[in-house]
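Read off the chains here:
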Amino acid sequence: MKFSDFVSVDAIRPSVAANSKEGVIREMTQSLVDAEKIAVGEMDSIVKAIMKREDLGSTGIGRGVAVPHTKHPSVSRLVGTVAISEQGVDFESLDGEPVQLFFLLVSPPDRPGDHLRALENISRQLRDDAFCKTLKEAGGPQEVLSLIHISEPTRRRGIWGCVEWVKK
């Protein structure tokens, strides 16, 4: 499963306004509502479920990255979005550093395989420092999605050839 299979370009936020963990989660969930990926009436329930997951342990995995996620019965397929904070947000990350890159996932409870594959893909992709650096500097939603999309099939060649193509 690739990022581009579940990340909605209409929900990408290249510059979040929130400066708290719950604020970022709420802003990202609202972006999924705005993109019509989740129902308006489910937003509070989804935010609550994500925050409940955060209470178990922060999804701030370190190196400026967090992957807040939950399973929720209101979605029929995996949906996600990406957000970037220039300043960084205290997300109680494992390394204590502020988070700049956020990947939010909401998946149906009956599709645990999709949920795990998405988390695995995100984890693998975000180990690439060059990819993370380039993503933090993306100029807009389409550029974020393009970086995500073109980095997947050309992973062996590295991100830099992809970046030059996106910047053209």
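What counts, and where the lines are drawn
Residues numbered from 1 in each chain as written. Predicted model: local features only at pLDDT ≥ 70, side-chain atom pairs only at ≥ 80, totals over all residues. Heavy atoms only, no water. Helix = DSSP H or I, 4+ residues; strand = E, 2+ residues; numbered from the N terminus. Contact = heavy atoms within 4.5 Å. Salt bridge = Lys/Arg side-chain N within 4 Å of Asp/Glu carboxyl O. Buried < 20%, exposed > 50% of the residue type's maximum accessible area, 1.4 Å probe, protein only. Phe/Tyr/Trp six-rings, centres within 6.5 Å; stacked < 30°, edge-to-face > 60°. Lys NZ or Arg CZ within 6 Å of the ring centre and 35° of its normal. Core = buried A, V, L, I, M, F, W, Y, C linked by side-chain atoms within 4.5 Å. Axes fitted to C-alpha atoms, helices over the stretch in contact; angles between N-to-C directions. Parallel < 35°, antiparallel > 145°, perpendicular 65-115°, else oblique. Left-handed = near helix turned anticlockwise from the far one by under 90°. Nonpolar A, V, L, I, M, F, W, Y, C, P; charged D, E, K, R; others polar. pLDDT = per-residue confidence, 0-100. Pairing = 2+ DSSP bridges.

The next point concerns the environment of Gly88. Here Gly88 shows up in strand β4 (residues 79-89). Taking the C-alpha atoms as reference, Gly88 lies 4.8 Å from Val99; in sequence the two are 11 residues apart. For Gly88, the residues in contact, after removing those within four places along its chain, are Pro98, Val99 and Gln100.

Below, the discussion takes up the pattern of salt bridges. When the charged atoms of two side chains lie near each other, side chains of opposite charge can form a pair. For the structure shown, the criterion picks out 7 salt bridges. For Arg26, the salt bridge goes to Asp44, with nearest N and O atoms at 3.0 Å. Here the residue Arg26 occupies a position in helix α2 (residues 21-34), and Asp44 occupies one in helix α3 (residues 43-56), the gap between them amounting to 18 residues. On the accessibility criterion, Arg26 (31% relative accessible area) is partly exposed. Connected via shared salt-bridge partners are Lys21, Glu54 and Glu92.

It is worth spelling out unusual backbone geometry at this point. Phi angles above zero are rare outside glycine, and Arg63 is one such case at about 55°. Mapped onto the elements of the fold, Arg63 is located in the loop between β1 (60-62) and β2 (65-66). Looking at Arg63, the relative accessible area reads 44%, which means it is partly exposed.

What follows concerns the packing of aromatic side chains. Here the structure, examined in full by the defined rule, presents 1 aromatic pair. Over the ring of Phe91 we find Lys21; its NZ or CZ atom is 5.1 Å from the centre of that ring.

So, on to the environment of Ser123. Counting through the fold element by element, Ser123 comes out in helix α4 (residues 112-125). Taking the relative accessible area as the measure of exposure, Ser123 reaches 32% and is therefore partly exposed. Through-space distance from the C-alpha of Ser123 to that of Val67 is 8.8 Å; in sequence the pair is 56 residues apart.

Of all hydrophobic cores here, the largest spans 25 residues; its most connected members are Val24, Ile25, Leu32, Ile38, Phe102, Leu104 and Val106. Put simply, the parts of the chain that give this core at least two residues each are α2, α3, β4 and β5 (99-107). Listed in part, the 22 residues of the second largest apolar core include Val7, Val82, Leu126 and Leu145.

With that settled, the discussion passes to the packing of α2 against α3. As a packed pair, α2 and α3 sit with axes 10 Å apart at the nearest point and diverge in direction by 140°. Here α3 runs oblique to α2, going by the angle between their axes. Crossing handedness for the pair α2 and α3: right-handed. Along the contact surface, α2 presents Lys21, Glu22, Ile25, Arg26, Thr29, Gln30 and Val33, while α3 presents Met43, Asp44, Ile46, Val47, Ile50, Met51 and Glu54. Each residue belonging to the contact of α2 with α3 can be placed in one class, and the counts come to 7 nonpolar, 2 polar and 5 charged.

Averaged over all residues, the pLDDT of the protein chain equals 83, while 86% of them reach at least 70. Averaged pLDDT values over the elements of the protein chain bottom out at 40 in helix α7 (residues 160-167) and peak at 97 in α2.

Once that is clear, we can look at the pairing of β4. Counting buried positions along β4 yields 8 of 11 residues, so the element is predominantly enclosed. The pairing of β4 with β5 spans 7 bridges and is classified as antiparallel. Opposite Thr81, over in β5, you have Leu104 as the bridge partner.

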